[in-house]
Amino acid sequence: MHDWPTLLLSSLLIGIGATAVMDVYAWAMKRLFAIPSLDYALVGRWIGHLPQGRLIHAGIAASAPVAGERAIGWGAHYAIGVAFAGALLAVCGVEWARAPTFGPALATGLVTVAAPFLILQPGMGAGIAAAKTPRPGVARLRSLLAHGAFGVGLYLSAALLAALGAL
């Protein structure tokens with residue numbers, strides 16, 4: 001049986017922390033190596049078209065803008081991070097958050113790359129695992145590294161919370 005309040009709070013805090021680590025990684029890649037990161041306004045645009053039944057776009061940048069798309073995209077980015085942290089805790093238990101280990105966190109981060117490969121990239125017009133992009137291998141590697149950073153963030157966030165005795 002789950003301690004639901006602790007599971008929800010842990011998912012929220014660890015997910016936000018891990019997503020922030022992923023964003024710091026993306027910022028560093030852009031700043032240090034001029035590697036652009038995902039534009040979350042385009043994620044918001046994709047999400048904004050879902051209620052009209054439009055799941056797949058030829059190219060999301062050419063699709064009509066959606067009111068509030070940047071906020072929608074960023075909100076979804078963090079909500080998904082919280083959901084993935086919740087999945088880690090559902091599998092490993094809240095006890096993992098009290099004494100986190102690196103392996104499950106990194107594995108979770110790497111498994112989460114399935115979401116952009118199989119849902120977001122095809123929906124935005126990039127094809128499965130970025131197959132329709134000019135350099136699919138590079139796009140795939142960037143996604144793997146970003147989601148690896150998310151996995152590192154899962155561990156670091158849980159470790160910080162455990163050290164603070166917050167859970």
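Preceding this paragraph is the structure being described.
Turning our eyes to something else, we now look at the overall build of the protein chain. A tally of regular secondary structure across the protein chain gives seven helices and zero strands. When the helices and strands of the protein chain are placed in sequence order, the string is α-α-α-α-α-α-α. In terms of C-alpha radius of gyration, the protein chain reaches 17 Å, essentially the compact-globule figure of 15 Å for 167 residues. Taking the principal axes of the C-alpha coordinates as reference, the protein chain spans close to 50 × 35 × 25 Å. Classification of the 167 residues of the protein chain by burial places 42% in the buried group. Carbon and sulfur atoms make up 73% of the accessible area of the protein chain, which amounts to about 8900 Å² in all. Computed over 10 positive and 5 negative side-chain charges, the separation of the two mean positions in the protein chain equals 16 Å.

Here helix 2 (residues 40–49) crosses helix 3 (residues 69–92) at 95 degrees, and the two axes come no closer than 6 Å. Judged by the angle between their axes, helix 2 and helix 3 are roughly perpendicular. Contact with helix 2, carried on its side by Tyr40, Ala41, Val43, Gly44, Arg45 and Ile47, involves Glu69, Arg70, Ile72, Gly73, Trp74, Ala76 and His77 of helix 3 and no other residues of that element. When the residues that make up the contact of helix 2 with helix 3 are grouped by side-chain class, the tally is seven nonpolar, three polar and three charged.

On to the packing of helix 5 (residues 102–111) against helix 7 (residues 136–164), then. For the pair helix 5 and helix 7, the least separation of the axes is 7 Å and the interaxial angle reads 145 degrees. The two elements helix 5 and helix 7 meet at a crossing, and its hand is right-handed. Across the interface between the two elements, Phe102, Ala105, Leu106, Thr108, Gly109 and Leu110 of helix 5 pack against Leu144, His147, Gly148, Phe150, Gly151, Val152, Leu154 and Tyr155 of helix 7. Split into classes, the residues belonging to the contact of helix 5 with helix 7 amount to nine nonpolar, five polar and no charged.

Turning next to the packing of aromatic side chains. Within the structure shown, the criterion is met by three aromatic pairs. The interplanar angle of 55 degrees and the centroid separation of 4.6 Å between the aromatic rings of Tyr40 and Trp74 together place this pair among those described as tilted. Highlighted residues: Tyr40 in helix 2 and Trp74 in helix 3, separated in sequence by 34 residues. Here Tyr40 falls in the buried class, since its relative accessible area comes to 12%. What makes Trp74 partly exposed here is its relative accessible area of 36%.

Formed by 17 residues in total, the largest nonpolar core has its most connected members in Ile14, Leu89, Trp96, Ala97, Phe150, Leu154 and Leu167. Broken down by secondary-structure element, the contributors of at least two residues to this core are helix 1 (4–33), helix 3, helix 4 (94–98) and helix 7. In terms of residues, this core owes the most to one element, helix 7, which gives five residues. Apart from residues no more than four positions distant in its own chain, Leu154 is found in contact with Ile14, Ala18, Ala85, Leu88, Trp96, Ala105, Thr108 and Gly109.

About the criteria used
- Residues numbered from 1 in each chain as written.
- Predicted model: local features only at pLDDT ≥ 70, side-chain atom pairs only at ≥ 80, totals over all residues.
- Heavy atoms only, no water.
- Helix = DSSP H or I, 4+ residues; strand = E, 2+ residues; numbered from the N terminus.
- Rg over C-alpha atoms; globule rule 2.2 N^0.38 Å.
- Buried < 20%, exposed > 50% of the residue type's maximum accessible area, 1.4 Å probe, protein only.
- Areas by Shrake-Rupley, 256 points an atom, 1.4 Å probe, with all protein chains shown as cover.
- Lys, Arg positive; Asp, Glu negative; His and termini not counted.
- Charge placed at Lys NZ, Arg CZ, Asp CG, Glu CD.
- Axes fitted to C-alpha atoms, helices over the stretch in contact; angles between N-to-C directions.
- Parallel < 35°, antiparallel > 145°, perpendicular 65-115°, else oblique.
- Contact = heavy atoms within 4.5 Å.
- Nonpolar A, V, L, I, M, F, W, Y, C, P; charged D, E, K, R; others polar.
- Left-handed = near helix turned anticlockwise from the far one by under 90°.
- Phe/Tyr/Trp six-rings, centres within 6.5 Å; stacked < 30°, edge-to-face > 60°.
- Core = buried A, V, L, I, M, F, W, Y, C linked by side-chain atoms within 4.5 Å.

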